[in-house]
Amino acid sequence: TMELEEGLMKVSDSDALHAAGLDAGECGELVASVFAEMALVHGHVHGDPHAGNVYLQAMRGPGGEARPRLVLLDHGLYHTVPDSMREDLCRLLLA
């Protein structure tokens, strides 16, 4: 299915992120944690994660502060990480 998402900013557009009040470090942490969770927890790797497929939206937190929300496009190609490889990668990261 498809839905229209308003206010998308390319993850690579630092000027737009700044203008929206988003912290670049928080945006980077969100992108990294989502992709890590996808691969290491769920075993799925997005097959085409370039700046045209990875966007952010500025959402308002409880105190009115801008918080990033990740929006991924083009879900036509995913790779599966076998359980044994995921376990080995997790052990490597925790070593």
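Every chain's residues receive numbers from 1 upward, in the order its sequence appears when written. Restriction of local features to residues with pLDDT of at least 70 applies here, the model being predicted, together with a cutoff of 80 or more for giving and counting side-chain atom pairs; totals for whole chains, interfaces and linings are based on all residues. Values shown for side chains rest on all heavy atoms present in the structure; no hydrogens or waters enter the calculation.

With that out of the way, let us pick up the overall build of the protein chain. What the protein chain contains, in helices and strands, is three helices and five strands. Each helix is a run of DSSP H or I of at least 4 residues and each strand a run of E of at least 2, with the numbering of both proceeding from the N terminus. Each helix and strand of the protein chain, placed in order from N terminus to C terminus, yields the pattern β-α-α-β-β-β-β-α. Expressed as a percentage of the 95 residues in the protein chain, the buried residues total 24%. Here, two residues are considered to be in contact whenever any of their heavy atoms come within 4.5 Å of each other. Across the protein chain, the fraction of contacts at a sequence separation of at least 24, relative to all contacts at a separation of at least 6, is 65%. Charged residues are defined here as Lys and Arg on the positive side and Asp and Glu on the negative side; His and the ends of the chain fall outside this count. Charged groups are reduced to one reference atom each: NZ for lysine, CZ for arginine, CG for aspartic acid, CD for glutamic acid. Between the centroid of the 6 positive side chains of the protein chain and the centroid of its 15 negative side chains there is a distance of 3 Å. Exposure categories follow from relative accessible area, calculated using a 1.4 Å probe and restricted to protein chains: below 20% of the type maximum is buried, above 50% is exposed, and the middle band is partly exposed.

Relative to strand β3 (residues 54-60), strand β1 (residues 9-10) runs antiparallel, the two being bridged by two bridges. Looking at the pairing, M9 lines up with L56 of β3. We treat two strands as partners when DSSP finds at least two bridges between them. Here β3 pairs with strand β4 (residues 66-72) via seven bridges, running antiparallel. Bridge pairing links R60 to A66 in β4.

The phi dihedral of D74 is positive, around 60°, even though this residue is not glycine. Relative to the helices and strands, D74 is located in the loop between β4 and β5 (78-80). Judged by its relative accessible area of 41%, D74 is partly exposed.

The next subject is the confidence of the model for the protein chain. One confidence number per residue, pLDDT, is output by the predictor and ranges from 0 to 100. Averaged over every residue, the pLDDT of the protein chain is 92; residues scoring 70 or more account for 99%. Ranking the helices and strands of the protein chain by mean pLDDT puts helix α1 (residues 14-19) first, with 96, and β5 last, with 92.

A grouping of M85, L89 and L92 is seen on the molecular surface, where their side chains present a nonpolar patch of about 290 Å² in accessible area. Relative to the assigned elements, L92 resides in helix α3 (residues 83-94). Residue classification places L92 among the exposed residues on the basis of a relative accessible area of 61%. Nonpolar side chains (Val, Leu, Ile, Met, Phe, Trp, Tyr) are joined into patches within 5 Å and like charges within 9 Å, using only residues with over 30% relative accessible area and no salt bridge. Here the Shrake-Rupley method, with its probe set to 1.4 Å, supplies the accessible areas, and only the displayed protein chains count as covering residues. When a carboxyl oxygen of Asp or Glu is within 4 Å of a side-chain nitrogen of Lys or Arg, the pair counts as a salt bridge.

Evaluation of the coordinates by the stated rule reveals four salt bridges. R67 is the partner of E26 in a salt bridge, and the nearest nitrogen-oxygen pair spans 2.6 Å. With E26 in helix α2 (residues 24-40) and R67 in strand β4, this pair connects stretches of sequence that are 41 residues apart. A relative accessible area of 23% means that E26 is categorised as partly exposed. Under the relative-accessibility criterion, R67 is labelled partly exposed at 39%. Close ionic contact of D83 with R86 constitutes a salt bridge, the shortest N to O distance being 2.6 Å. Of this pair, D83 and R86 both sit in helix α3, three residues apart, which is roughly one turn of the helix. The exposure class of D83 is partly exposed, given its relative accessible area of 48%.

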